[in-house]
Amino acid sequence: MRRSIVSLTTVLVILLVAAGTVFAAGQAEPAGEPDDIHIALSAPITGDWSEFGVNFQRSVTLAIEKLNAEGGILGRPVRLSVGDTKGNPQEAATLAQQWTSDPTVVAQIGAFSSSSSMASQPIYDSAGMVQLSPTASHTDYA
């Protein structure tokens, strides 16, 4: 279990550093808590794949708690918002629209499945938001 938390922590750091390049490029910080780094998680919290989605959420939450206990990222705490895709690509796309319309969200983890990740990817891409799915494995998902 410890190894998976450390690995997920590494993934989160990479994700947040990539998202942080938006700020380094001279864009203003989004509205909201100025010290928070706000990321979103899209996972099947309910539905047929809920067992995986709930564990996905727990893993990300543990990694963020670990990061925050160690001082956050560059001294900034990480804040997480969670959305339920229900394992449905249309729900994942709806969440993508929600996350990309929120100026405080700088990056997104998920969705859990390849089909949901692929359905939401064009929305994140057009908004210039980082999307990372550690579980999507379809060869066309890039």
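Placed above this text is the structure.
Below you will find a few notes about this structure. (Residues numbered from 1 in each chain as written. Predicted model: local features only at pLDDT ≥ 70, side-chain atom pairs only at ≥ 80, totals over all residues. Heavy atoms only, no water.)

**With respect to the side chain of Ser113**
Okay, step 1: Here Ser113 lies in the loop between strand 3 (105-109) and helix 4 (114-127).
Okay, step 2: Residue classification places Ser113 among the buried residues on the basis of a relative accessible area of 9%.
Okay, step 3: A distance of 3.2 Å separates the side chain of Ser113 from the backbone nitrogen of Ser116, its partner in a polar contact. (Helix = DSSP H or I, 4+ residues; strand = E, 2+ residues; numbered from the N terminus. Buried < 20%, exposed > 50% of the residue type's maximum accessible area, 1.4 Å probe, protein only. Polar contact = N/O pair within 3.5 Å; in protein donor to acceptor, adjacent residues only side chain to side chain.)

**Comments concerning the nonpolar core**
Okay, step 1: One finds Ile39, Leu41, Phe56 and Ile109 to be the most contacted residues of the largest nonpolar core, which totals 14 residues.
Okay, step 2: For Leu41, the residues in contact, after removing those within four places along its chain, are Phe56, Gln57, Val60, Leu80, Ser81, Val82, Gly83, Trp99, Gln108 and Ile109.
Okay, step 3: Of all hydrophobic cores here, the second largest spans nine residues; its members include Ala40, Ala96, Tyr124 and Met129. (Core = buried A, V, L, I, M, F, W, Y, C linked by side-chain atoms within 4.5 Å. Contact = heavy atoms within 4.5 Å.)

**What about the pattern of salt bridges?**
Okay, step 1: For the coordinates displayed, the defined rule picks out three salt bridges.
Okay, step 2: A salt bridge links Lys66 to Glu70; its shortest N-O distance comes to 2.7 Å.
Okay, step 3: According to the relative accessible area criterion, Lys66 is partly exposed, its value standing at 22%.
Okay, step 4: A salt bridge links Glu91 to Lys86, with the shortest nitrogen-to-oxygen separation between them at 3.8 Å.
Okay, step 5: The class of Lys86 is partly exposed, set by a relative accessible area of 44%. (Salt bridge = Lys/Arg side-chain N within 4 Å of Asp/Glu carboxyl O.)

**Observations regarding the packing of aromatic side chains**
Okay, step 1: Tallied over the entire structure, the rule returns three aromatic pairs.
Okay, step 2: When the centroid spacing of 5.7 Å and the interplanar angle of 15° are considered together, the rings of Phe52 and Phe112 count as stacked. Here Phe52, found in helix 2 (residues 50-69), pairs with Phe112, found in the loop between strand 3 and helix 4; they are 60 residues apart in sequence, far enough to count as distant.
Okay, step 3: By relative accessible area, Phe52 is classed as partly exposed at 42%.
Okay, step 4: Taken together, the ring pairs connect Trp49, Phe52, Phe56 and Phe112 into an aromatic cluster. (Phe/Tyr/Trp six-rings, centres within 6.5 Å; stacked < 30°, edge-to-face > 60°.)

**Quick notes on unusual backbone geometry**
Okay, step 1: With an omega of 5°, the peptide bond between Gly110 and Ala111 qualifies as cis.
Okay, step 2: Here Ala111 lies in the loop between strand 3 and helix 4.
Okay, step 3: With a phi angle near 50°, Leu74 is a residue other than glycine that sits in the positive phi range.
Okay, step 4: Mapped onto the fold, Leu74 is located in the loop between helix 2 and strand 2 (78-84).
Okay, step 5: The phi torsion at Lys86 lies on the positive side, around 60°, for a residue other than glycine.

**A short note on helix 3 (residues 89-101)**
Okay, step 1: Here helix 3 is 13 residues long and its end C-alpha atoms lie 18 Å apart, about the 18 Å a rise of 1.5 Å per residue gives.
Okay, step 2: For helix 3, the full list of buried residues reads Ala92, Ala93, Leu95, Ala96 and Trp99. Considered in projection along helix 3, the buried side chains sweep an arc of 160° and stay on one side of the axis. Helix 3 presents Gln90 and Ser101 as exposed residues on the side facing more than 90 degrees away from its buried surface. (Expected span 1.5 Å × (residues − 1). Arc of directions from axis to C-beta.)

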